[in-house]
Amino acid sequence: MTTNWTVTDNCGNTNVGPQVITVQDTQAPTLIGVPADVTLECGMDIPDPSSTVSDNCDTDPVVTVNPVITPGCGNTFVMVRTYTATDACDNTSSDTQTITVVDNTDPSFLSVPADVTIECDQDVPIENAPATYICGSVSVTFIDVETTGDCPNEYSILRTFTAVDECENSATATQTITIEDTTPPSFMSVPAEVTIDCTDVIPTT
């Protein structure tokens, strides 16, 4: 913008001098309401980006959001959202929000085999104990610990199932298998009936 200044003396002489006024925008817009950093448990909803902006010259500055994700164990991650406000004169300002998704929840068993009692001649059952995990995959293993009983063929098994998720959270469950011997022996053969004289020796086989 040019402003012309006119000067006049007492004799009516005048002179005109121009002044150039340059209006520029060097002030960056101001981000308002960038969300605070937050830590969430895996499986919770990630909040949507939200922010407003004001500017001294531009009535409609633009806000962009650039997320950068660093993965962790399972489905955990750290997301850094960079909010950038830009006005019509390319002045910018930025701010960040960090969203951390963690996994502090143990897996849970969908079912565990019930305690069972079997005869010593039966096969020891091997049943699965499936587990679920909201934040990735889970593996289930088991360990058997045997305890001897009163009879040679009687014992018990304490089977401990362990479910471990990708972030090393774990849960355990147990099943007791009792092996007993309640079946009486059976004769393969019995000597036939026999009649002997009173002076004969009684047979033993």
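Preceding this paragraph is the structure being described.
Quick look at the structure, then. (Residues numbered from 1 in each chain as written. Predicted model: local features only at pLDDT ≥ 70, side-chain atom pairs only at ≥ 80, totals over all residues. Heavy atoms only, no water.)

**Considerations on the pattern of salt bridges**
Part 1 of the reasoning: Counted under the stated rule, the structure contains one salt bridge.
Part 2 of the reasoning: One salt bridge connects Asp144 with Arg159, and the closest N-O pair in it is separated by 2.8 Å. Of this pair, Asp144 sits in strand β12 (residues 138–148) while Arg159 sits in strand β13 (residues 155–165), placing them 15 residues apart in sequence.
Part 3 of the reasoning: Asp144 gets classed as partly exposed once you look at its relative accessible area, which sits at 32%.
Part 4 of the reasoning: Among the residues examined, Arg159 registers a relative accessible area of 2% and is labelled buried. (Salt bridge = Lys/Arg side-chain N within 4 Å of Asp/Glu carboxyl O. Helix = DSSP H or I, 4+ residues; strand = E, 2+ residues; numbered from the N terminus. Buried < 20%, exposed > 50% of the residue type's maximum accessible area, 1.4 Å probe, protein only.)

**Comments concerning the sheet that holds β13**
Part 1 of the reasoning: With respect to topology, four strands assemble into an open sheet ordered β10-β14-β13-β12, the strand pairing being mixed. Two strands in the sheet have a free side with no partner beyond their single neighbour: β10 (116–119) and β12. Here the average twist between neighbouring strands, direction ignored, is 25 degrees.
Part 2 of the reasoning: Relative to strand β14 (residues 170–180), β13 is paired through ten bridges, and the arrangement is antiparallel. (Pairing = 2+ DSSP bridges. Axes fitted to C-alpha atoms, helices over the stretch in contact; angles between N-to-C directions.)

**Here we look at the pairing of strand β1 (residues 2–8)**
Regular strands show a simple pattern: their side chains alternate between the two faces of the sheet.
Part 1 of the reasoning: Counted residue by residue, β1 has zero buried out of seven residues, so it is predominantly exposed.
Part 2 of the reasoning: The sheet contact formed by β1 and strand β2 (residues 14–20) spans seven bridges and is antiparallel. Looking across to β2, one finds that Trp5 is bridged to Gly17.
Part 3 of the reasoning: Count of turn residues in the β1/β2 antiparallel hairpin: five residues, of which Gly12 carries a positive phi of about 85 degrees.

**With respect to a nonpolar patch on the surface**
Part 1 of the reasoning: On the surface, Ile143, Val145 and Leu158 cluster together to form a nonpolar patch covering roughly 280 Å² of accessible area.
Part 2 of the reasoning: The residue Val145 is located in strand β12 in this model.
Part 3 of the reasoning: The partly exposed category is assigned to Val145, whose relative accessible area is 47%. (Patch = residues over 30% accessible without salt bridge, like charges linked within 9 Å, V, L, I, M, F, W, Y side chains within 5 Å. Areas by Shrake-Rupley, 256 points an atom, 1.4 Å probe, with all protein chains shown as cover.)

**Focus: the nonpolar core**
Part 1 of the reasoning: Grouped together as the largest cluster of nonpolar side chains are nine residues: Leu40, Cys42, Phe77, Met79, Ile99, Val101, Tyr133, Cys135 and Cys167.
Part 2 of the reasoning: Those elements that provide at least two residues to this core are β7 (77–86) and β8 (92–102).
Part 3 of the reasoning: Phe109, Ala131, Ala163 and Ala171 belong to the second-largest nonpolar core, a separate cluster that totals seven residues. (Core = buried A, V, L, I, M, F, W, Y, C linked by side-chain atoms within 4.5 Å.)

**Regarding the packing of aromatic side chains**
Part 1 of the reasoning: By the definition in use, this model includes one aromatic pair.
Part 2 of the reasoning: Ring centres 5.8 Å apart and planes at 55 degrees place the aromatic pair Phe142 and Phe161 in the tilted group. You can see Phe142 sitting in strand β12 and its partner Phe161 sitting in strand β13, a full 19 residues away along the chain.
Part 3 of the reasoning: The class of Phe142 is partly exposed, set by a relative accessible area of 36%. (Phe/Tyr/Trp six-rings, centres within 6.5 Å; stacked < 30°, edge-to-face > 60°.)

**Focus on the state of the cysteines**
Part 1 of the reasoning: Across all of its chains, the model carries two disulfides by this definition.
Part 2 of the reasoning: Each sulfur of the disulfide joining Cys42 and Cys135 lies 2.0 Å from the other. Judged by the sign of its S-S torsion, about 95 degrees, the bond between Cys42 and Cys135 is right-handed. Highlighted residues: Cys42 in the loop between β4 (38–41) and β5 (52–54) and Cys135 in the loop between β11 (131–132) and β12, separated in sequence by 93 residues. (Disulfide = S-S within 2.5 Å.)

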